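Residues per chain are reported as follows:
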Amino acid sequence: MTTLDPQFLRICVVMTGFKGGQMRAAQACLLMMALRADRINAAQMPAEVTHGNTHLAGAATGALIAQGLLECVGRVKSPIPSAKGRKLDVLAIPNGKRETVRTWLRENRFEVPSDQPEQQMEMLSA
């Protein structure tokens, strides 16, 4: 289990306030990835979602953990060479929360993916 530092949570709130659309898209991407795979990490998020901002991926991850929509189930070495072996959280949807994740996606105007990997992740028109 990951304990989130209050300073980190404050950063999540600030990023949500100033980069709300990007944070929501990053959170939706993580949740969609988690619906399709048992275990994920933030490094798997496409650069098109984060626009190259690695802090956005971390803040989105932290916000979802704080909301109880994702949980840390382990740690792995980052696959990104510039991370120099830094450890990343391995994330999963907590037991019994899959429908809550789907509700979050619907309420935030994202298409809820099926459990089939070939379905595209698309945001509904704003």
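This structure is a prediction, so every number in the text was calculated from the model and none was measured. (Residues numbered from 1 in each chain as written. Predicted model: local features only at pLDDT ≥ 70, side-chain atom pairs only at ≥ 80, totals over all residues. Heavy atoms only, no water.)

Caption draft 1: Looking closely at the overall build of the protein. When helices and strands are counted, the protein shows five helices and two strands. Counting from the amino terminus, the protein carries its helices and strands in the arrangement α-α-α-α-β-β-α. Expressed as a percentage of the 126 residues in the protein, the buried residues total 37%. Within the protein, contacts between residues separated by at least 24 positions form 57% of all contacts whose residues are at least 6 apart in sequence. Carbon together with sulfur atoms contributes 54% to the accessible area of the protein, which is approximately 7,500 Å² in total. (Helix = DSSP H or I, 4+ residues; strand = E, 2+ residues; numbered from the N terminus. Buried < 20%, exposed > 50% of the residue type's maximum accessible area, 1.4 Å probe, protein only. Contact = heavy atoms within 4.5 Å. Areas by Shrake-Rupley, 256 points an atom, 1.4 Å probe, with all protein chains shown as cover.)

Caption draft 2: Summary view of the side chain of N41. If you trace the backbone, N41 turns up in the loop between α2 (20-36) and α3 (47-50). Setting aside anything within four residues of it in sequence, one finds N41 in contact with M33, V76, L88 and D89.

Caption draft 3: Summary view of the nonpolar core. Among the nonpolar cores identified, the biggest contains 31 residues, and M23, L30, L31, M45, L70, V101 and L105 are the most heavily contacted of them. Per element, the largest residue contribution to this core is ten residues, and it comes from α2. (Core = buried A, V, L, I, M, F, W, Y, C linked by side-chain atoms within 4.5 Å.)

Caption draft 4: Layout of helix α4 (residues 54-67). For α4, spanning 14 residues, the distance from its first C-alpha to its last is 20 Å, which sits close to the expected 20 Å at 1.5 Å a residue. Regarding α4, the residues found buried are L56, A57, A59, A60, T61, G62, A63, L64 and I65. One side-chain oxygen of the residue at the start of α4 lies 2.9 Å from the amide nitrogen of H55, identifying that residue as N53. Immediately downstream of α4, the backbone of G68 shows phi near 80 degrees, a positive value. (Expected span 1.5 Å × (residues − 1). Polar contact = N/O pair within 3.5 Å; in protein donor to acceptor, adjacent residues only side chain to side chain.)

Caption draft 5: Region of the structure containing the side chain of T50. Counting through the fold element by element, T50 comes out in helix α3. You can call T50 buried: its relative accessible area is 8%. Once you skip the residues sitting within four places of it in the chain, T50 turns out to touch M45, L56 and A57.

Caption draft 6: Structural context of the environment of M32. With respect to the element layout, M32 can be found in helix α2. Under the relative-accessibility criterion, M32 is labelled buried at 2%. As a C-alpha pair, M32 and S114 span 82 residues in sequence and 9.2 Å in three-dimensional space.

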